[in-house]
Amino acid sequence: RTRVMLETLLRDALIAYEAKDCRRAQKLLRLFVQKAILLLCDLTPAEKACIEKALLKVVDAARMIALNLGPHPKLCPAATQKIKDGDYFRRQGLYEAAILQYAKACSC
């Protein structure tokens, strides 16, 4: 049941991305991260490692969405800074905060 919920969130995020709805795609990816982090409490070490890899990939997808659907960096330097901020949070392991910054980069 949980797996279906996570798959649904990813599917809906892809649909939003294909519709060029950057903010919605980011919101759905953030929900995925929130739910997946809650799951980490009840998993075996191998399952935790799998979820952590998935989390990294979802954060990378959020970054890609911000780069592809957000404003051009020359037109909006603030968006570029938000992406850099998101990159910092990603390196710190703060995935939800990273996605929030990428979402802010979707608009100037």
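Residues numbered from 1 in each chain as written. Predicted model: local features only at pLDDT ≥ 70, side-chain atom pairs only at ≥ 80, totals over all residues. Heavy atoms only, no water.

Peer 1: Account for the overall build of the chain, naming residues and giving values.
Peer 2: A tally of regular secondary structure across the chain gives five helices and zero strands. Shown N-terminal to C-terminal, the secondary structure of the chain runs as helices and strands in the order α-α-α-α-α. A compact globule built from 108 residues should have a C-alpha radius of gyration of about 13 Å, and the chain, at 14 Å, falls within 12% of that. Based on the C-alpha atoms only, the size of the chain along its principal axes is roughly 45 × 30 × 15 Å. Residues counted as buried form 31% of the 108 residues belonging to the chain. In the chain, the proportion of contacts linking residues at least 24 apart, taken out of those at least 6 apart, comes to 63%. Summed over its atoms, the accessible surface of the chain is roughly 6800 Å², and 58% of this surface lies on carbon and sulfur atoms. Charged side chains in the chain number 19 positive and 11 negative. The centres of these two groups are separated by 5 Å. (Helix = DSSP H or I, 4+ residues; strand = E, 2+ residues; numbered from the N terminus. Rg over C-alpha atoms; globule rule 2.2 N^0.38 Å. Buried < 20%, exposed > 50% of the residue type's maximum accessible area, 1.4 Å probe, protein only. Contact = heavy atoms within 4.5 Å. Areas by Shrake-Rupley, 256 points an atom, 1.4 Å probe, with all protein chains shown as cover. Lys, Arg positive; Asp, Glu negative; His and termini not counted. Charge placed at Lys NZ, Arg CZ, Asp CG, Glu CD.)

Peer 1: An account of the state of the cysteines is requested, with residue identities and associated values reported.
Peer 2: Two cysteines, two sulfur atoms, one covalent bond between them: this is a disulfide. Under the defined criterion, the tally for this structure stands at one disulfide. No disulfide involves Cys 41; its sulfur sits 16 Å from the nearest other cysteine sulfur, which is in Cys 50. Judged by its relative accessible area of 53%, Cys 50 is exposed. (Disulfide = S-S within 2.5 Å.)

Peer 1: Run through the packing of helix α1 (residues 2-18) against helix α2 (residues 22-39), naming residues and quoting values.
Peer 2: Packing of α1 against α2 leaves a shortest axis separation of 8 Å and a crossing angle of 160 degrees. Overall, the two elements α1 and α2 adopt an arrangement that is roughly antiparallel. By crossing handedness, the relation of α1 to α2 is classed as left-handed. Where α1 abuts α2, its residues Thr 2, Met 5, Leu 6, Leu 9, Leu 10, Asp 12, Ala 13, Ala 16 and Tyr 17 lie against Arg 24, Ala 25, Leu 28, Leu 29, Leu 31, Phe 32, Lys 35, Ala 36 and Leu 39. Of the residues belonging to the contact of α1 with α2, the class tally is 14 nonpolar, one polar and three charged. (Axes fitted to C-alpha atoms, helices over the stretch in contact; angles between N-to-C directions. Parallel < 35°, antiparallel > 145°, perpendicular 65-115°, else oblique. Left-handed = near helix turned anticlockwise from the far one by under 90°. Nonpolar A, V, L, I, M, F, W, Y, C, P; charged D, E, K, R; others polar.)

Peer 1: Can you lay out the pattern of salt bridges for me, pointing to particular residues and giving the numbers?
Peer 2: Enumeration according to the criterion identifies five salt bridges in this entry. Arg 11 is the partner of Asp 12 in a salt bridge, and the nearest nitrogen-oxygen pair spans 2.9 Å. Of the charged contacts, one joins Arg 30 and Glu 96 as a salt bridge, the two residues approaching to 3.7 Å between their closest N and O atoms. Of this pair, Arg 30 sits in helix α2 while Glu 96 sits in helix α5 (residues 95-104); the two residues are 66 residues apart in sequence, bridging distant segments of the chain. The partly exposed category is assigned to Arg 30, whose relative accessible area is 26%. Assessed through its relative accessible area of 29%, Glu 96 is described here as partly exposed. (Salt bridge = Lys/Arg side-chain N within 4 Å of Asp/Glu carboxyl O.)

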